[in-house]
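Each chain, written out:
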Amino acid sequence: MNRRKTFFLLLIVITVLLFSCRNSKIKPHSETHFALGTVCSITLYENNRDFDFSEAFKIIDEIEDRMSPVITGSEIDKINSNTGIHAVRISDDTYLVIKKGIEYSKLKDSKFDITIGPLVTLWGIGTEHQNIPDSTAIESV
């Protein structure tokens with residue numbers, strides 16, 4: 001056998017051995033948390049004992065506290081409350097999310113609209129007062 005064939009055969013054998021030694025019995029580990037107005041799940045498909053689910057959900061909660069339009073005092077609430085009155089200082093993260101939201105809203109044939117807030121409020125989405133408004137009310141907002 002020439003050197004090239006020997007090298008490739010050795011490479012294949014090593015690859016098969018490495019992948020066959022994996023523990024295929026590792027079951028996914030998942031945790032679920034209510035955040036962002038919905039059920040959020042994080043699932044790990046690797047055995048990572050260092051991963052801290054509570055820390056990950058804490059970060060999601062911090063994002064929600066900062067960016068939720070329905071949490072009084074959030075950066076988005078402050079923006080909405082001060083529209084046309086004065087500027088509001090926001091975090092770099094909130095700025096980036098708004099900037100990207102505007103970009104995605106402007107894409108050709110985009111179904112995303114960052115200005116949907118008045119319709120969400122009209123429908124009462126995420127509240128105890130959800131309803132289906134009539135077409136006149138929808139058109140007016």
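The structure this text deals with has already been given above.
Bear in mind the structure is a predicted one, so any value in this text is a computation, not a measurement.

(A) Molecular detail of a nonpolar patch on the surface. On the surface, a nonpolar cluster with roughly 470 Å² of combined accessible area is contributed by Ile102, Tyr104, Leu107, Phe112 and Ile114. Considering the arrangement of structural elements, one finds Leu107 in the loop between helix H4 (92-106) and helix H5 (117-123).

(B) Just the packing of aromatic side chains, in detail. Summed over all chains, the structure comprises one aromatic pair. Aromatic pair Phe51 and Phe53: ring centres 5.1 Å apart, planes at 80°, arrangement edge-to-face. By relative accessible area, which is 32% here, Phe51 ends up partly exposed.

(C) Main features of the nonpolar core. Counting residues in each nonpolar core, the largest one holds eight residues, listed as Ala35, Cys40, Ile42, Leu44, Phe53, Ala56, Phe57 and Ile60. For this core, the leading source of residues is helix H2 (residues 53-67), giving four residues. Leaving out residues up to four positions away in the same chain, Leu44 has contacts with Pro28, His29, Phe51 and Phe53.

(D) Quick peek at H2. Its 15 residues give H2 an end-to-end C-alpha distance of 21 Å, which sits within 8% of 21 Å, the value for a rise of 1.5 Å per residue. Every buried residue of H2 is listed here: Phe53, Ala56, Phe57, Ile60, Glu64 and Met67. Projected down its long axis, H2 carries its buried residues within an arc of 100°, all on one side. In this structure, the buried side of H2 is in contact with strand E1 (29-35), strand E2 (38-44), helix H3 (75-81) and H4.

(E) The arrangement of the pairing of E2 in detail. By the bridge criterion, seven bridges tie E1 to E2 in an arrangement that is antiparallel. By the bridge assignment, Glu31 is partnered in E2 with Ile42. Between the antiparallel neighbours E1 and E2 lie two residues, among them Leu36 with a positive phi of about 60°.

(F) Quick peek at the pattern of salt bridges. Evaluation of the coordinates by the stated rule reveals two salt bridges. Here Glu103 ties to Lys100 by a salt bridge, and the two come within 3.5 Å at their closest N and O atoms. With Glu103 and Lys100 both in helix H4 and three residues apart, the pair spans about one turn of that helix. Its relative accessible area of 34% is what places Lys100 among the partly exposed residues.

About the criteria used
- The numbers attached to residues start from 1 for each chain and follow its sequence in the written order.
- It should be noted that, the model being predicted, local features are given only for residues of pLDDT at least 70 and side-chain atom pairs only at 80 or more, the latter also being counted only at that level, while totals for whole chains, interfaces and linings use all residues.
- Processing note: side-chain calculations cover all non-hydrogen atoms of the structure and skip hydrogens and water entirely.
- Like charges are joined within 9 Å and nonpolar side chains (Val, Leu, Ile, Met, Phe, Trp, Tyr) within 5 Å, but only among residues with over 30% relative accessible area and no salt bridge; these make up the patches.
- Here, Shrake-Rupley sampling with a 1.4 Å probe gives the accessible areas, and only protein chains in the shown set may cover a residue.
- Salt bridge criterion: a side-chain nitrogen from Lys or Arg within 4 Å of a carboxyl oxygen from Asp or Glu.
- Counting from the N terminus, the helices are DSSP H or I runs at least four residues long and the strands are E runs at least two residues long.
- Any two of the Phe, Tyr and Trp rings considered here, Trp counted by its six-membered ring, make a pair once their centres fall within 6.5 Å; the pair's planes then place it as stacked at under 30 degrees, edge-to-face at over 60, or tilted in between.
- Here's how the labels work: a residue is buried when its accessible area is under 20% of the maximum for its type, exposed when over 50%, partly exposed in between, all with a 1.4 Å probe on protein chains only.
- Working definition of a nonpolar core: buried Ala, Val, Leu, Ile, Met, Phe, Trp, Tyr and Cys residues. They are joined through side-chain atoms within 4.5 Å.
- Only heavy atoms enter the contact rule, under which two residues are in contact if any of them lie within 4.5 Å.
- Expected helix span is taken as 1.5 Å per residue step, with the number of steps being one fewer than the number of residues.
- Directions are taken from the helix axis to each C-beta atom, and the arc is the one they span.
- Pairing between strands is defined by DSSP: at least two bridges between them are needed.

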